[in-house]
Amino acid sequence: MGPASLELLRRAARHAAESPGQSRRDSLRVAADELGETLDPRFRSADLERLELELGQYQATFRPEQREHLATLRRAALEAMTFFAEFRPRLVGDVLTGTADDYSPIVLQLFASTPERVIECLLGHDIPFEESETSYQYPDGRHERVSVFAFGAGDDHIVLEVFPEERLRETPLVPGGAKLRRASRRQVEALMQEGAVDTH
C-alpha cells in the first residue's frame, strides 16, 4: 500500500463536488470502494491534502461558476473578520482552501479571554445565534473543546469557533493529522488579490 492513486483522488474529488456536505474522508472511502483500492492510513493526511488540490481543479474545470461564489464568500468573510477584529479572527475551512460549495459556511476562529466576551459582542449587536461545542487535537496529543456560535448574515452562514487567546500561536490538527490551514484578514485579502497565500 501507499498514497492514494491519482485516479482515486480524481474520483473522490468528483464525489466531493457532487455531494455537498460529504466529508473528504467519506469521499475518499467511497472512491476507494468503487475502484477496489485500499486506503493506507499512514498516508491519510497527505491523501486529504492532495484531494483538496484535485477538488479545486475539478471545480475550476467543470464548475467555473463556483469561483464567483467563492469570491462572494471570501468578501463576506472579510466583512465578518472586520466586524470581529478585536478577537483576531482567522479564516479556516472550505472558504479558505477554495473548495467551498453552496452549502459551505464561513468559519472563523476567534481568540478571546473567555467565550462570554464573544457572546457579549453578539448580544450587544442583537445577533441571534446558536451555541454548541467542537473539539480539536494538537500535535502534542492534547484535545481541547471550544465554544461554537453560529448565525445567519443575509444569505451567508457564519460559524465562530472561540479559542483561548494563547492558542493563537498554536495550530490544531484536522482529522487525518495535518495542521489546520488558517489565515488572517491580511492573508485573505492577499489571497483574493493574488490567488495564493501562505496560511501556515
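Residues numbered from 1 in each chain as written. Predicted model: local features only at pLDDT ≥ 70, side-chain atom pairs only at ≥ 80, totals over all residues. Heavy atoms only, no water.

### Let's talk about the packing of aromatic side chains
Taken as a whole, this structure holds 5 aromatic pairs when the rule is applied. Between Phe-129 and Phe-149, the aromatic rings sit 5.4 Å apart at their centres with planes inclined by 85°, giving edge-to-face as the arrangement. Placement of Phe-129 in the loop between helix 6 (115-124) and strand 3 (130-137) and of Phe-149 in strand 4 (residues 143-153) is noted, with a sequence separation of 20 residues between them. Residue classification places Phe-129 among the partly exposed residues on the basis of a relative accessible area of 24%. Of the residues examined, Phe-149 reaches a relative accessible area of 0% and is grouped as buried. Through a chain of ring-to-ring contacts, the aromatic side chains of Phe-83, Phe-84 and Phe-151 assemble into a single cluster. It is Arg-142 that lies over the ring of Tyr-138; its NZ or CZ is 4.5 Å from the centre. (Phe/Tyr/Trp six-rings, centres within 6.5 Å; stacked < 30°, edge-to-face > 60°. Helix = DSSP H or I, 4+ residues; strand = E, 2+ residues; numbered from the N terminus. Buried < 20%, exposed > 50% of the residue type's maximum accessible area, 1.4 Å probe, protein only. Lys NZ or Arg CZ within 6 Å of the ring centre and 35° of its normal.)

### Some thoughts on the sheet that holds strand 3
Across the sheet, 5 strands lie side by side as 1-2-5-4-3; this open sheet has mixed pairing. This sheet does not close on itself; its edge strands, each paired only once, are strand 1 (90-92) and strand 3. Each strand of the sheet is rotated relative to its neighbour by a mean of 35°, with strand direction disregarded. Relative to strand 2 (residues 106-112), strand 1 runs antiparallel, the two sharing 3 bridges. Residue pairing for strand 2: Val-92 is matched across the bridge by Val-107. On the sheet, helix 4 (residues 65-83) packs against strand 1, strand 2 and strand 5 (156-164) and is oriented at approximately 20° with respect to strand 2. Its contacts with the sheet put helix 6 on strand 2, strand 3, strand 4 and strand 5, and the angle it makes with strand 4 is roughly 5°. (Pairing = 2+ DSSP bridges. Axes fitted to C-alpha atoms, helices over the stretch in contact; angles between N-to-C directions. Contact = heavy atoms within 4.5 Å.)

Any functional reading would require information beyond the geometric quantities listed.
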